[in-house]
Amino acid sequence: MGAQRKGGTRATEDPEELARHPLQAIILADSFTTKFRPITLERPKVLLPLVNVPMINYTLAWLESAGVEEVFVFCCAHSRQVIDYLENSEWFSQPNFTVTTIESHNSISAGDALRLIYERNVIHGDFVLVSGDTVSNMSLTRAIQEHKERRKKDSNAVMTMVIKQSKPSPITHQSRLGTDELFMAIDPQTKQLLYYEEKADHLKGFISLENMLLADNPSICLHNDKQDCYIDICSPEVLSLFTDNFDYQHLRRHFVKGLLVDDIMGYKIFTYEIHSSYAARIDNYRSYDTISKDIIQRWTYPFVPDVTFFGNCATKVERQGMYRASEIEQSRSAQIGPFTVVGKGTRIGNNSKISNSVIGKNCTIGSNVSIVGSYIWDGVTIEDGCELRHAIICDGVIIKSGAVLQPGVVLSFKVVIGQQFVVPAYSKVSLLQQPTMQDSDEELEYADSNSGTLDSSIAGAMGKLNGDMTAELSGTQHWPASELGPGGAGYIWSISEGGHEDEWRHSVAPIPAEKLAEVMQGIEDDMELLNLDGTGLTPSGELKPDDNSNDSEDDDDSREDSFEKEVEATFLRAVHENINVGDIVLEMNSLR
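All figures in this text were calculated on a predicted structure; none of them were measured in a lab.

*Asks:* So what exactly am I meant to see when it comes to the sheet that holds strand S26 (residues 381-382) here?
*Replies:* Two strands in a sheet stick together by hydrogen bonds in their backbones, pointing the same way (parallel) or opposite ways (antiparallel). Spatially, S17-S20-S23-S26-S29-S32 is the arrangement adopted by the six strands of the open sheet, whose pairing is parallel. Strands with a single pairing partner mark the edges of an open sheet, and in this sheet they are strand S17 (329-330) and strand S32 (416-417). For strand S20 (residues 347-348) and strand S23 (residues 364-365), the ladder comprises two bridges, and the chain directions are parallel. Within S23, the residue paired with Ile-348 across the bridge is Ile-365.

Okay, structure coming up:
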């Protein structure tokens, strides 16, 4: 432990000494969330295909191209699958690029992961911290240089966060990635981060800033138009801070916000804004959809389908953003529309239409099939006459003839949908039954990597750790396989109470017009309530006219009398108790 603390001081030493350390990165290959269930009960999130390439390959390819020489991949949930994949990939044989896995079976948060890495004493200088679901093409050179220059002037500058312009929807108050509206206060001169708050309460238009924040900083820019890219340049002290504070679990909610309010140690976080580069993290199904489209539309170049990097196959780009791999069998009457990717060995039948979708390897698509805005993974069979709209279909799924998938459906591995069956919108279907206890959003996907079934003892431990996402599921209902149509196999998971809101906000399906209308109506209702609570403001911000002007004048007189009495009492107390003049001025202003 002492050796690592000593390593933390190296960041302030001579730049020549720093240059001798290889640039290191930590990849958290576990998101410590359950947002991709039921899929992640069977496969880790970082190995899920993103435009037919496992997610972690985008992160590794970017780090390698950005000059990182040594990467530590922290694995927990389904750790054996991640380690086996990396050991059998080309990443372990790259010159000047070392990938090392660190395995844990009992970490339940990012804080636990960083504490374990600290104990291993493998980080020897400034490092890049990312999760294995990050897609970027930014250069790290300038961001790291700015971080090091700040460290030479101020040893308390322990972290630099990468941010990007991203204007949230004025209706849903969420970004195009499906994340909640983010408020950040930044010093415009130094770029120091002063305030960080995600607003999950979509209907309340208020944030609270401490008086001292405004008093201590001569200028502040408050933003709600920035996206947190979850790419951090960290000094070694970050690891020791997690070790010293065991209540730091979440990187943002606990660590970042904890440092911002800690006046004793004086640690500082700064921001680095990118403009022409790309950086985003896959946090939910909506961001999965958004980032997939960005890759297809080439915003992530050179990490695009037709440029070979580890994990992808040779794919040829055609007009209107259509990508086709080799060895595809496509009927002449089949139509493949714009912004569509078709994987190797896939067969497409007569009169089928596919647009704005990704089709994996070795899929069989019958005749008269319609696929729009969907993600079909490897080895999927879709029989004649099926209709799919904005769905995610995992490996080995069979959809029998005439079945319909309404928007937002997720079919996990090897599910079978029976003939003519209509899967309701936003349904999640799995061969695994839904856990009877709903996990906290900070929980792991504890599962055996071979069978995909939950270990009962670990499942019990998960139940005890519940708490901050949703209420427990009481009397969970499962649909028997026979109710997925003739020959169907799987369970439709029920949506927990309060979970309906997240279904359409975080789905791969576009937000329905009726939901947007509901949100708009909710905003209008809230504004009316605000006007009734005595603020006297109209939606435009103007004062409301008062019908009873005499009453209003009386109220004003009484308020004025009360104010004068309070000022007089405060002034007398200040004289008797010899209170500082500056303090009494602040108190007078607060009374006013």
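*Asks:* What is the right way to read the packing of aromatic side chains from this model?
*Replies:* Aromatic rings considered in pairs are described by the distance between their centres and by the relative angle of their planes. Under the criterion given, the structure shown has five aromatic pairs. Taking 6.4 Å as the distance between ring centres and 70° as the angle between the ring planes, the aromatic pair formed by Phe-36 and Tyr-288 counts as edge-to-face. Taken together, the residues Phe-36 in the loop between strand S1 (24-28) and strand S2 (49-50) and Tyr-288 in helix H10 (residues 285-296) connect sequence positions 252 residues apart. An identical accessibility class is assigned to Phe-36 and Tyr-288; each is buried. A cation over a ring is seen here: Arg-281 above Tyr-230, with NZ or CZ 5.0 Å from the ring centre.

*Asks:* Help me understand helix H8 (residues 237-244), please; the structure alone is not making it clear to me.
*Replies:* An α-helix turns once per 3.6 residues; consequently, residues spaced three or four apart project the same way. For H8, the buried fraction is high: seven of the eight residues fall into the buried class. The complete set of buried residues in H8 reads Glu-237, Val-238, Leu-239, Ser-240, Leu-241, Phe-242 and Thr-243.

*Asks:* Is there a simple way to think about the sheet that holds strand S11 (residues 221-223) in this case?
*Replies:* Spatially, three strands are ordered S10-S9-S11 in an open sheet, and the strand pairing comes out antiparallel. Each having just a single partner strand, strand S10 (193-199) and S11 make up the two edges of the open sheet. Within this sheet the neighbouring strands show an average axis-to-axis angle of 10°, counted without direction. Pairing analysis gives six bridges linking strand S9 (residues 181-186) to S10, with the strands arranged antiparallel. Its bridge partner being in S10, Phe-183 is matched across the sheet by Glu-197.

*Asks:* So what exactly am I meant to see when it comes to the environment of Trp-91 here?
*Replies:* Tracing the backbone through its elements, the reader meets Trp-91 in the loop between helix H4 (79-87) and strand S5 (98-103). By relative accessible area, which is 1% here, Trp-91 ends up buried. Along the backbone, Trp-91 and Asn-57 are 34 residues apart, and their C-alpha atoms lie at a distance of 9.0 Å. Within the structure, the side chain of Trp-91 is placed 2.9 Å from the side chain of Asn-57, a separation counted as a polar contact.

*Asks:* What is the right way to look at the pairing of S1 in this model?
*Replies:* In summary, the side chains of a regular strand alternate between the two faces of the sheet. Within S1, five of the five residues are buried, which leaves the element mostly enclosed by the surrounding structure. Burial along S1 is two-sided: the residues Gln-24, Ile-26 and Leu-28 and Ala-25 and Ile-27 are all buried. With five bridges connecting them, S1 and strand S6 (residues 127-131) associate as parallel partners. Along S6, the bridge assignment pairs Gln-24 with Phe-127.

*Asks:* Would you mind showing me how to read the side chain of Thr-134 here?
*Replies:* Note that Thr-134 resides in strand S7 (residues 134-136). Relative accessible area serves as the criterion here: at 0%, Thr-134 is assigned to the buried category. Separated by 2.9 Å, the side chain of Thr-134 and the backbone oxygen of Ser-131 make a polar contact. When near neighbours in sequence (up to four residues on either side) are disregarded, Thr-134 contacts Tyr-58, Thr-59, Ile-231, Ala-280 and Arg-281.

*Asks:* Would you mind showing me how to read the confidence of the model for the chain here?
*Replies:* Residues shown with low pLDDT carry predicted positions that ought not to be read at fine detail. With 73% of its residues at a pLDDT of 70 or more, the chain has an overall mean of 77. The element-level mean pLDDT for the chain is lowest in helix H11 (residues 456-464), coming to 33, with strand S25 (residues 375-376) highest at 95. pLDDT under 50 marks residues 439-444. Its contacts with residues more than four places away, or in other chains, come to 35 contacts. Counted against residues more than four places away or in other chains, residues 534-553, with its pLDDT under 50, gives 17 contacts.

What counts, and where the lines are drawn
Residues numbered from 1 in each chain as written. Predicted model: local features only at pLDDT ≥ 70, side-chain atom pairs only at ≥ 80, totals over all residues. Heavy atoms only, no water. Pairing = 2+ DSSP bridges. Helix = DSSP H or I, 4+ residues; strand = E, 2+ residues; numbered from the N terminus. Phe/Tyr/Trp six-rings, centres within 6.5 Å; stacked < 30°, edge-to-face > 60°. Buried < 20%, exposed > 50% of the residue type's maximum accessible area, 1.4 Å probe, protein only. Lys NZ or Arg CZ within 6 Å of the ring centre and 35° of its normal. Axes fitted to C-alpha atoms, helices over the stretch in contact; angles between N-to-C directions. Polar contact = N/O pair within 3.5 Å; in protein donor to acceptor, adjacent residues only side chain to side chain. Contact = heavy atoms within 4.5 Å. pLDDT = per-residue confidence, 0-100.

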